[in-house]
Amino acid sequence: MGLVHAWRMQKLVAEARAAHARGDRTFTAGFDIDPRANIPMKKIRKEIDLIVDAVEPIGWKCVQVQPFLNSVEIGFLANR
């Protein structure tokens, strides 16, 4: 998972930077959870923290974390 995860995080940060530079007021990030994998909640929270810690320094503020079926959606507002 290492290289794929690093690539996805780089892509996420690039998309967040591009949205911020365009002047977007909101940005949404998220990830899917394999229901067959029995992933512990601690690991899911760690992934949420990684995403928030990567996106907030760009100029976004995390305003919501929503579970939806087998995925997590994280909403950000522009910090202006």
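Residues numbered from 1 in each chain as written. Predicted model: local features only at pLDDT ≥ 70, side-chain atom pairs only at ≥ 80, totals over all residues. Heavy atoms only, no water.

### Section: the nonpolar core
Inference 1: Core analysis: the largest hydrophobic core is formed by 20 residues, its most contacted members being Phe27, Ile51, Val55, Trp60 and Phe76.
Inference 2: Sorting the residues of this core by element identifies α1 (2–22), β1 (26–32), α2 (41–59) and β3 (71–78) as the ones contributing at least two each.
Inference 3: No other element matches the six residues that α2 contributes to this core.
Inference 4: The residues contacting Phe76, other than those within four sequence positions of it, are Arg25, Thr26, Phe27, Ala29, Ile51, Val52, Val55, Glu56, Trp60, Lys61, Cys62 and Val63. (Core = buried A, V, L, I, M, F, W, Y, C linked by side-chain atoms within 4.5 Å. Buried < 20%, exposed > 50% of the residue type's maximum accessible area, 1.4 Å probe, protein only. Helix = DSSP H or I, 4+ residues; strand = E, 2+ residues; numbered from the N terminus. Contact = heavy atoms within 4.5 Å.)

### Quick look at the pairing of strand β2 (residues 60–68)
Inference 1: Judged from the eight bridges that link them, β2 and β3 form a sheet pairing that is antiparallel. Residue pairing in the sheet places Trp60 in a bridge with Ala78 of β3.
Inference 2: Hairpin connection between β2 and β3: a loop of two residues separates the two successive antiparallel strands, and Leu69 in this loop has a positive phi of roughly 50 degrees. (Pairing = 2+ DSSP bridges.)

### As for α2
Inference 1: Between its first and last C-alpha atoms α2 spans 28 Å; for 19 residues at 1.5 Å apiece the expected length is 27 Å, and the two agree.
Inference 2: Considered for burial, the residues of α2 that qualify are Ile44, Glu47, Ile48, Ile51, Val52, Val55, Ile58 and Gly59. Along the long axis of α2, the arc covered by the buried residues comes to 130 degrees, so they all point the same way. α2 presents Lys42, Lys43, Lys46, Asp53 and Pro57 as exposed residues on the side facing more than 90 degrees away from its buried surface. (Expected span 1.5 Å × (residues − 1). Arc of directions from axis to C-beta.)

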